[in-house]
Amino acid sequence: MKRVALRARVLRPYRRLRFAAFGRESILHRPDWVYGPHRIEIGERVMVLGHVWLAAERVTWGHSEPAIRIGDGVAIRPYCTISASAGVTIEDDVVISAFSTVVDSDHTYDGPSANVVFNPVRAEPIRIGRGSWIGERTAILRGSQVGSFCFIGANSVVRDEIPDFSVAVGAPARVVGSTWEQAQHLVDGEAPALIA
């Protein structure tokens, strides 16, 4: 990690020039692919470890807001993919485990090609709330809204809304428990209605 931190410190001026924002003490270690970095904001103390794919797709380049926003204190483990055609917001203190995918668009057969890659996409923004933990090999799909302080179990597929303080598992992910008792000291407010 000392070598990783040193490399990050050397590359930080370069990252600040390329990205819409690149925060203090953040690490982007050996990504496999970065597309449209001028449309990507990375907060402070973010750690993105090797072989990650970050893509602000070309359709977002004319938008006024950044396509991908990664908040402060986020940790993204290796071999993750984050792709934005509408917008991906990852709030502060989120952990995304290895081999996970966050993609806000679906390919379609709406165009002339038999190969969906060459046809138009359908896109809806994704938000992952503060303090949530996304388990390994999870897919967060178009239009998903993951609340704050959620735990999404490994190998899950999120397609809809997951309320704050939820434990959700499966494909599609369903709420099976709550993190409220563990996380209540981190927030002010009322206990949510338990959905279990």
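This text follows the structure it describes.
This is a predicted model, so every value here is computed, not measured.

Q: When you look at the nonpolar core in this model, what are you seeing that I'm missing?
A: Nonpolar side chains in soluble globular proteins tend to be buried together. Counting 35 residues, the largest nonpolar core has I76, I90, I96 and I128 as the members making the most contacts within it. Contributing elements (two or more residues each) for this core: strand 4 (40-42), strand 6 (53-56), strand 7 (68-70), strand 9 (81-84), strand 10 (88-90) and strand 15 (126-128). Those residues within four positions of I128 in sequence are excluded, and the remaining contacts are T89, I90, E91, V94, I96, V102, I134, I140 and V146.

Q: Looking at this structure, I do not really get unusual backbone geometry. What am I missing?
A: Residues apart from glycine generally show negative phi values, whereas peptide bonds are mostly found in trans. P172 follows A171 through a cis peptide bond whose omega is 0 degrees. Inspection of the secondary structure puts P172 in the loop between strand 22 (166-169) and strand 23 (174-178). In the Ramachandran plot, Y79 falls in the positive-phi region, its phi being about 65 degrees despite a non-glycine side chain. The topology assignment puts Y79 in the loop between strand 8 (75-76) and strand 9.

Q: In this structure, what is going on with the sheet that holds strand 5 (residues 47-48)? I would like to understand it.
A: The strands making up a sheet associate through backbone hydrogen bonding, with each pair oriented either parallel or antiparallel. With mixed pairing, eight strands are arranged side by side in an open sheet as 2-5-8-11-16-19-22-23. Strands with a single pairing partner mark the edges of an open sheet, and in this sheet they are strand 2 (27-28) and strand 23. Examined bridge by bridge, strand 19 (residues 151-152) and strand 22 share two bridges and lie parallel to one another. Residue pairing across strands places F151 opposite V167, the latter belonging to strand 22.

Q: I keep staring at the pattern of salt bridges and nothing clicks. Help me out?
A: A side chain of one charge can pair with a side chain of the opposite charge if their charged atoms are brought near each other. For the structure shown, the criterion picks out nine salt bridges. Between E44 and R24 there is a salt bridge, with the nearest N and O atoms lying 2.9 Å from each other. In this pair, E44 sits in the loop between strand 4 and strand 5 while R24 sits in the loop between strand 1 (21-22) and strand 2, placing the two residues 20 residues apart along the sequence. The exposure class of E44 is partly exposed, given its relative accessible area of 27%. On the accessibility criterion, R24 (42% relative accessible area) is partly exposed. The shortest N-O distance in the salt bridge between R142 and E124 comes to 2.8 Å.

Q: For this particular structure, what's the right way to read helix 1 (residues 2-18)?
A: If you check helix 1, its first and last C-alpha atoms are 24 Å apart, about what 17 residues at 1.5 Å a residue would give, namely 24 Å. For helix 1, the full list of buried residues reads V4, A8, R12 and R15. Against the buried residues of helix 1 lie strand 1 and strand 2.

Q: For this particular structure, what's the right way to read the sheet that holds strand 18 (residues 145-146)?
A: Strands sit in the order 1-4-7-10-15-18-21 across an open sheet of seven strands; the sheet is parallel. Each edge of the sheet is formed by a strand with only one pairing partner; in this case those strands are strand 1 and strand 21 (161-162). Relative to strand 4, strand 1 runs parallel, the two sharing two bridges. Within the sheet, the bridge partner assigned to A21 lies in strand 4 and is E41.

Criteria and thresholds
Throughout this document, residue positions are counted from 1 along each chain, in the order its sequence is written. Two thresholds apply to this predicted model, a pLDDT of at least 70 for residue-level local features and 80 or more for giving and counting side-chain atom pairs, whereas whole-chain, interface and lining totals are computed over all residues. Values reported for side chains reflect all heavy atoms of the structure, with hydrogen atoms and water molecules removed beforehand. Take the buried residues of types Ala, Val, Leu, Ile, Met, Phe, Trp, Tyr and Cys, join any two whose side-chain atoms come within 4.5 Å, and each joined set is a nonpolar core. Using a 1.4 Å probe on the protein chains alone, a residue whose accessible area is under 20% of its type maximum counts as buried, one over 50% counts as exposed, and one in between counts as partly exposed. Numbering of helices and strands runs from the N terminus, with a helix taken as a DSSP run of H or I at least four residues long and a strand as a DSSP run of E at least two residues long. Contact between two residues is taken to exist if any of their heavy atoms lie within 4.5 Å; hydrogens are not considered. One requirement defines pairing of two strands: DSSP has to find at least two bridges between them. Counted as salt bridges are all cases of a side-chain nitrogen of Lys or Arg within 4 Å of a carboxyl oxygen of Asp or Glu. Expected helix span is given by 1.5 Å per residue-to-residue step, counting one fewer step than there are residues.

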